[in-house]
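# Inside the fold
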Amino acid sequence: MVKSRLHATAIHLAVSVAVAALAASVVFLFWYPYPYSKISGGMKMFMLLIAIDIVVGPVLTLVIFTPQKTRRALVFDFSIIGILQIVALVYGLWSLSIARPTYLVFENSQFTIVRAIDVPAEQGHAILAALQGGSKIGPKMVALRPFRDAREQFDVTMDALGGVPLATRTELWQPFEASVPMVLQVARPISNSPRFSALLAVNRPDLVQKGLRYLPLQGAQGFWTAILDENARIVDFVELEPFD
């Protein structure tokens, strides 16, 4: 009987692992590519999901399975376990989906990650057609445009103080390319930071070149640093706060 239980549990575990691997390919290849899997909390959320889906299901099989049960009883038991696992998986993937980083917004002097849930449905119409839908792999880069006048700046600032983050104001978004000169102006040269220069020299010697700059990258899990080339393209991420 013990051998039969272990066999049934092993089969259940193998199926659960296969499903989890398929889910992981979607989550980490499309929704949370590195470094967003860490800075946006995707890895922690996924590990919790896997703990429930992979561990609980097979453990329940180990507990309830017995060869003495009728085929009908076993089918019923496994159906209940399967439904519970599917519901947990769907809910977990839905939670990961709405929390995924969809936009990387250049906001004055830093990059800010905006999640799908951070953009209310009523603001969706304010997103320029060219910027809608985000990116298929990772977040789409956009930038905040300059304020039209002092009144708009005052209104937006008051809203920010009231809890509406500036980066989520979709009516202020413009294509990232339009803000490249400003990005290059406010980004700090790597040569001015011995800490980052030394770090890149060791870990990414291919990036040690003239013209590299860096900017803070703010996400749900704190600050990282984005390394930019002379064209304001992000060429690497560093898991360090950029503030010396």
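Notes on the structure follow. (Residues numbered from 1 in each chain as written. Predicted model: local features only at pLDDT ≥ 70, side-chain atom pairs only at ≥ 80, totals over all residues. Heavy atoms only, no water.)

Turning next to the nonpolar core. Phe106, Phe111, Phe176, Val183, Leu215, Leu217 and Leu228 are the most contacted members of the largest nonpolar core, which has 18 residues in total. Those elements giving two or more residues to this core turn out to be helix 2 (36-39), strand 1 (101-107), strand 2 (110-115), helix 6 (180-186), strand 6 (213-219) and strand 7 (222-228). Broken down by element, the residue count for this core peaks at three residues, all from strand 7. Ignoring anything within four residues of it in the chain, the contact list for Phe106 reads Phe111, Val142, Ala143, Leu144, Phe176, Ser179, Met182, Val183, Val186 and Leu215. Counting residues in hydrophobic clusters, the runner-up holds 12 residues, among them Ala20, Ala23, Tyr32 and Leu89. (Core = buried A, V, L, I, M, F, W, Y, C linked by side-chain atoms within 4.5 Å. Buried < 20%, exposed > 50% of the residue type's maximum accessible area, 1.4 Å probe, protein only. Helix = DSSP H or I, 4+ residues; strand = E, 2+ residues; numbered from the N terminus. Contact = heavy atoms within 4.5 Å.)

Turning to unusual backbone geometry, a few remarks are in order. In this structure, the amide linkage connecting Tyr34 to the following residue, Pro35, adopts the cis form with an omega of 10°. Secondary-structure assignment places Pro35 in the loop between helix 1 (2-31) and helix 2. At Asn108, a residue that is not glycine, the phi angle is positive and equals roughly 65°.

Every other side chain in a regular strand lies on the same face of the sheet, so the side chains alternate between the two faces. Most of strand 7 is tucked away: five of the seven residues are buried. Sheet analysis places strand 6 next to strand 7, joined by seven bridges and oriented antiparallel. Along strand 7, the bridge assignment pairs Arg213 with Leu228. Where strand 6 hands over to strand 7, the hairpin turn is made up of two residues, counted between the paired strands. Taken together, the four bridges between strand 7 and strand 8 (residues 234-238) define a ladder with antiparallel strand orientation. Directly across from Leu228, in strand 8, lies its bridge partner Ile234. Connecting strand 7 to the antiparallel partner strand 8 that follows it, the hairpin turn spans five residues, and Ala232 within it adopts a positive phi of roughly 70°. (Pairing = 2+ DSSP bridges.)

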